[in-house]
Amino acid sequence: MRGLAGIAAAAVAALLLALPAPAGADAPGVVSERPLAGSGSVQDVRRFWTPERMSRAAGRPAPEVSGAGVETIAGTSASSRAGAAAVEQPNTTVFPNRVVGRIFFTIPGQSGLFSCSGAVINTDADSFVLTASHCVFEDGDFFTNVNFVPGYRLGQSPFGEFPATQLDVPAVVANSPQLPFAFDHGSMLVAPTPSGSRVEEVVGAFGVSLFGDPEQNWRAYGYPAEDGFDGERLFTCDSPPTTFDLQLDPPPIGISCDMTGGASGGPWLIQGTNLVGSNSSFVAENVPDTLFGSQLADGAAELFDSAHPIRCGGKPATIVGTEGPDRLVGSRAKDVILGDLGDDVIIGKGGKDKLCGEEGRDKIKGGKGRDFCDGGPGKDRGGGGCEKTKRL
């Protein structure tokens, strides 16, 4: 099952080129909305979301697909999904739990209050939150009163509230309803605190892994709010892939997890790292205790590169570390790896890779292939396996 992330690359590129340019799009492949550009304000959103309203917010139901294309991985059975029960994370003020938050919003034309999950991702903007597209957009409309609360627990907002100033979804989602789940990613830029601190400065951030190997051990985070869950607590599920939905390209990953509506948009970390490689997206009929995540591939890459370009060797980065020390290992494909801050270990594996350390005392090693390595500012070591080097 390896290499699933690249199955649809050519088809997706062709589809994006064929789509009409949507009104309001700021870049090819992305549709954007600035919900507070009019008469509304950050203060209005903060005033709207009282603790009482937050407690009443219903979890956005997880979309359900037919399950016709779901394929179970060999050796996986119903009994092997005994570990599907989500585990509560009671301390949401420590890293990495505090990077995850509950997203509150209203939906135009619908009564009620709603919630999803999301997480801060490391970008130069220091204010980028990743979630699912169905948590910010539906039927041609972006949602309103969107408010991100990192570390939320039992009505408390320990790090403050961060209203969305910009919402984004891939154009393929906005213009092609038949392909929502393979590209079920949305993002937002959020306002700083009243004192001017940006969300990444307050709680930190995860790194990201685009186009990675889907056959990883995953940790999914979320705030489920249906069927025995109340949305007031953070939960996690740890699982390897149990199924793939092969009717979609790229095929979403299924893991053992009983989280429900409200968990949508929550990040999936590659276990043992702080890198997000997927987010909770949907469930499938007749596939119990299984949560599907849309792999971060073309749709997510569009979101990152349109508003928050991160480059290494002139190319958009596909693996980005955190602002702390990271060990970043590439795949057998062509990787573009950026370590960012911290003393990082960056290793290429195969392909024509670009490896950049940025600031810190980094160790960089190329792999098989003709690799470019840039240590960045700081006293860096390495260069082995790098055919072209800079600042090493």
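Please refer to the structure placed before this passage.
Caption draft 1: View of the overall build of the protein chain. In terms of helices and strands, the protein chain carries 6 helices and 32 strands. Total accessible area on the protein chain stands at roughly 15400 Å², and carbon and sulfur atoms take up 50% of it.

Caption draft 2: Focus on the state of the cysteines. This model, assessed by the stated rule, comprises 4 disulfides. Bridging Cys 237 to Cys 257, the disulfide has an S-S length of 2.1 Å. Disulfide Cys 237-Cys 257: the torsion about the S-S bond is 70°, which places it as right-handed. Taken together, the positions of Cys 237 in strand β16 (residues 235-239) and Cys 257 in the loop between β18 (253-256) and β19 (267-270) put the pair 20 residues apart, joining distant regions of the chain. No difference in accessibility class separates Cys 237 from Cys 257, as the two residues are buried. Here Cys 312 is linked by a disulfide to Cys 356, with a sulfur-sulfur distance of 2.1 Å. The sign of the 85° torsion about the S-S bond sets the Cys 312-Cys 356 disulfide as right-handed. Linking Cys 312 in strand β22 (residues 311-312) with Cys 356 in strand β28 (residues 354-356), this pair joins segments that are 44 residues apart in sequence. What makes Cys 356 buried here is its relative accessible area of 5%. Cysteine pairing for the protein chain, with bonded cysteines counted in sequence order: 1-2, 3-4, 5-6, 7-8.

Caption draft 3: Up close: a negative patch on the surface. A cluster of acidic residues, Asp 124, Glu 323, Glu 358 and Glu 359, forms a negative patch on the protein surface. Tracing the sequence through the fold places Glu 358 in the loop between β28 and β29 (363-365).

Caption draft 4: Summary view of the environment of Met 259. Examined against the element boundaries, Met 259 turns out to sit in the loop between β18 and β19. As for Met 259 and Asp 289, which are separated by 30 residues in sequence, their C-alpha atoms are 8.1 Å apart. Aside from chain neighbours lying at most four places away, what touches Met 259 is Ala 86, Ala 220, Tyr 221, Gly 222, Pro 224, Phe 229, Phe 235, Cys 237 and Leu 291.

Caption draft 5: Representation of the sheet that holds strand β27 (residues 345-347) in the model. Strand order in the open sheet made by the 4 strands is β25-β27-β29-β31, with parallel pairing throughout. Of all strands in the sheet, those bounded by a partner on one side alone are β25 (327-329) and β31 (381-382). Two strands pair when backbone bridges link them, and β25 and β27 are joined in this way by 3 bridges, in the parallel orientation. Note that in β27 the partner of Arg 327 across the bridge is Val 345.

Caption draft 6: Highlighting the packing of aromatic side chains. Across all of its chains, the model carries 13 aromatic pairs by this definition. The interplanar angle of 70° and the centroid separation of 6.2 Å between the aromatic rings of Tyr 152 and Tyr 223 together place this pair among those described as edge-to-face. Of this pair, Tyr 152 sits in the loop between β11 (144-150) and β12 (162-170) while Tyr 223 is found in the loop between β15 (218-222) and β16, placing the two residues 71 residues apart along the sequence. Of the two residues, Tyr 152 and Tyr 223, both sit in the buried class. Through a chain of ring-to-ring contacts, three or more aromatic side chains come together here, namely Phe 48, Trp 49, Phe 104, Tyr 152 and Tyr 223. One Lys or Arg, Arg 53, reaches over the ring of Phe 48 and ends 4.2 Å from the middle of that ring.

Caption draft 7: Main features of empty space enclosed by the protein. Applying the stated criterion across every chain, the model contains 1 cavity of 30 Å³ or more. Surrounding the largest cavity, Ser 209, Gly 212, Asp 213, Gln 216, Trp 218, Ile 270, Gly 277, Gln 295 and Leu 296 form its lining. Here the residues of the lining of the largest cavity sort into 3 nonpolar, 5 polar and 1 charged.

Caption draft 8: Layout of the pairing of strand β7 (residues 114-120). Of all 7 residues in β7, 7 are buried; the element is thus mostly enclosed. Because side chains alternate across β7, one face comprises the buried residues Phe 114, Cys 116, Gly 118 and Val 120, and the other comprises Ser 115, Ser 117 and Ala 119, equally buried. Where strand β2 (residues 58-59) and β7 come together, 2 bridges link them in parallel fashion. Among the inter-strand pairings, Ala 58 is bridged to a residue of β7, identified as Phe 114. Direction of pairing for strand β6 (residues 100-106) relative to β7: antiparallel, over a ladder of 6 bridges. What sits directly across from Ile 103, in β7, is Cys 116.

Caption draft 9: View of unusual backbone geometry. Going from Phe 95 to Pro 96, the amide bond is cis rather than trans, its omega being 5°. Tracing the backbone shows Pro 96 in the loop between β5 (87-88) and β6. Backbone geometry places Asn 286, a non-glycine residue, at a positive phi of 60°. Looking at where Asn 286 falls in the secondary structure, it is placed in the loop between β20 (275-284) and β21 (290-295). Its relative accessible area of 77% is what places Asn 286 among the exposed residues. The backbone of Glu 358 sits at a positive phi, close to 60°, despite the residue not being glycine. On the accessibility criterion, Glu 358 (30% relative accessible area) is partly exposed.

Caption draft 10: Representation of the side chain of Arg 60 in the model. One can find Arg 60 in the loop between β2 and β3 (64-65). Look at Arg 60 and you get buried, because its relative accessible area is 9%. Setting aside residues up to four positions removed in sequence, Arg 60 forms contacts with Phe 105, Ile 107, Ser 115, Cys 116, His 134, Glu 138, Phe 143, Gly 261, Gly 262 and Ser 264.

Caption draft 11: Expanded view of the side chain of Asp 362. Mapping Asp 362 onto the fold places it in the loop between β28 and β29. One buried charged residue, Asp 362, remains without a salt bridge, the closest side chain of opposite sign being Arg 361 at 8.9 Å. The contacts of Asp 362, once residues within four sequence positions are left out, are Gly 342, Asp 343, Asp 344, Gly 357, Gly 375, Lys 379, Asp 380 and Arg 381.

Parameters at a glance
Residues numbered from 1 in each chain as written. Predicted model: local features only at pLDDT ≥ 70, side-chain atom pairs only at ≥ 80, totals over all residues. Heavy atoms only, no water. Helix = DSSP H or I, 4+ residues; strand = E, 2+ residues; numbered from the N terminus. Areas by Shrake-Rupley, 256 points an atom, 1.4 Å probe, with all protein chains shown as cover. Disulfide = S-S within 2.5 Å. Buried < 20%, exposed > 50% of the residue type's maximum accessible area, 1.4 Å probe, protein only. Patch = residues over 30% accessible without salt bridge, like charges linked within 9 Å, V, L, I, M, F, W, Y side chains within 5 Å. Salt bridge = Lys/Arg side-chain N within 4 Å of Asp/Glu carboxyl O. Lys, Arg positive; Asp, Glu negative; His and termini not counted. Charge placed at Lys NZ, Arg CZ, Asp CG, Glu CD. Contact = heavy atoms within 4.5 Å. Pairing = 2+ DSSP bridges. Phe/Tyr/Trp six-rings, centres within 6.5 Å; stacked < 30°, edge-to-face > 60°. Lys NZ or Arg CZ within 6 Å of the ring centre and 35° of its normal. 1 Å grid on protein atoms, 1.4 Å probe; cavity = no way out; pocket = protein on both sides within 12 Å on 5 of 7 lines; lining within 4 Å. Points joined across faces, edges and corners; volume = space filled by probe spheres on them. Nonpolar A, V, L, I, M, F, W, Y, C, P; charged D, E, K, R; others polar.

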